[in-house]
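Geometric and topological summary
Here are the chains, one letter per residue:
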Amino acid sequence: MKTFEVADRTLTDAEDVKVIALSGYLDAHTVAEFDRHTESLIQGGAKHIVLDLQSLNYISSAGIGALMGLSQRLKKEGGDLVLLQPTPKVFKILDLLGFTRIFHLCNSEEEARSVFQG
């Protein structure tokens, strides 16, 4: 059975930035859980979100759609979304579909922080 886990924390020294670590598979079966989790954070005041993808094994078109929806929602609230360290497989999917030109991709939390600051 495919698994999916989501956990969040606040970015060090940046109370308004939430880091969400995703692991497993983000697809049609797990996207509702992802959406509930991110909506809860936004309702709690989060405007800037870093998605840590270094343990995400796979993302489907449904998962990419959820990322697009989250990005649009955050922009509407005056915030932004950063993708942190996608695995090679996830990066390849994002790149083949052209999403590496749409999303901010960063290699470190410091780099992600600079996206939000500048």
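Before going into details, it helps to say that this report is about the structure given with it.

Section: the overall build of the protein
Helix and strand content of the protein: 4 helices and 5 strands. In the protein, the succession of α and β elements from N to C terminus is β-β-α-β-α-β-α-β-α. Over its C-alpha trace the protein gives a radius of gyration of 13 Å, about what one expects of a compact globule, namely 13 Å for 118 residues. Expressed along its principal axes, the backbone C-alpha trace of the protein runs to roughly 35 × 25 × 25 Å. A buried classification covers 45% of the 118 residues belonging to the protein. Look at the contacts in the protein between residues 6 or more apart in sequence, and 67% of them connect residues 24 or more apart.

Comments concerning the nonpolar core
Within soluble globular proteins, side chains that are nonpolar tend to cluster in buried spots. Among the nonpolar cores identified, the biggest contains 27 residues, and Leu-22, Phe-34 and Leu-51 are the most heavily contacted of them. Within the second largest apolar cluster, 9 residues are counted, among which are Leu-11, Val-82, Leu-84 and Ala-112.

A look at the packing of aromatic side chains
Applying the stated rule across the entire model yields 2 aromatic pairs. Consider the rings of Tyr-25 and Tyr-58, whose centres lie 6.2 Å apart with planes at 45°: the pair is tilted. Here Tyr-58 lies in strand S3 (residues 48-59) and Tyr-25 lies in strand S2 (residues 14-26), a separation of 33 residues in the sequence. For Tyr-25, a relative accessible area of 26% translates into the label partly exposed. Note on Phe-99 and Phe-103: the rings are 6.0 Å apart at their centroids and 25° apart in plane angle, and the pair reads as stacked. Looking at Phe-103, the relative accessible area reads 6%, which means it is buried.

Things to note about the pairing of S3
Each regular strand shows side chains that alternate between the opposite faces of the sheet. Taken together, the 5 bridges between S3 and strand S4 (residues 80-84) define a ladder with parallel strand orientation. Bridged to Asp-52 within S4 is Leu-84. Considered for its hand, the β-α-β crossover made up of S3, helix H2 (residues 61-76) and S4 is right-handed.

Description of the pattern of salt bridges
Working definition: two side chains of opposite charge can pair if their charged atoms are close together. Counted by the stated rule, this structure contains 4 salt bridges. The partner of Arg-73 in a salt bridge is Glu-39, and the shortest N-O contact between them spans 2.7 Å. Of this pair, Arg-73 sits in helix H2 while Glu-39 is found in helix H1 (residues 31-43), placing the two residues 34 residues apart along the sequence. Here Glu-77 and Arg-73 are joined by a salt bridge, their closest N and O atoms 2.9 Å apart. Since its relative accessible area comes to 35%, Glu-77 is described here as partly exposed. Salt bridges sharing partners connect three or more residues here, namely Glu-39, Arg-73 and Glu-77.

Criteria and cut-off values
- Residues numbered from 1 in each chain as written.
- Predicted model: local features only at pLDDT ≥ 70, side-chain atom pairs only at ≥ 80, totals over all residues.
- Heavy atoms only, no water.
- Helix = DSSP H or I, 4+ residues; strand = E, 2+ residues; numbered from the N terminus.
- Rg over C-alpha atoms; globule rule 2.2 N^0.38 Å.
- Buried < 20%, exposed > 50% of the residue type's maximum accessible area, 1.4 Å probe, protein only.
- Contact = heavy atoms within 4.5 Å.
- Core = buried A, V, L, I, M, F, W, Y, C linked by side-chain atoms within 4.5 Å.
- Phe/Tyr/Trp six-rings, centres within 6.5 Å; stacked < 30°, edge-to-face > 60°.
- Pairing = 2+ DSSP bridges.
- Right-handed = clockwise from strand over helix to strand, strands pointing away.
- Salt bridge = Lys/Arg side-chain N within 4 Å of Asp/Glu carboxyl O.

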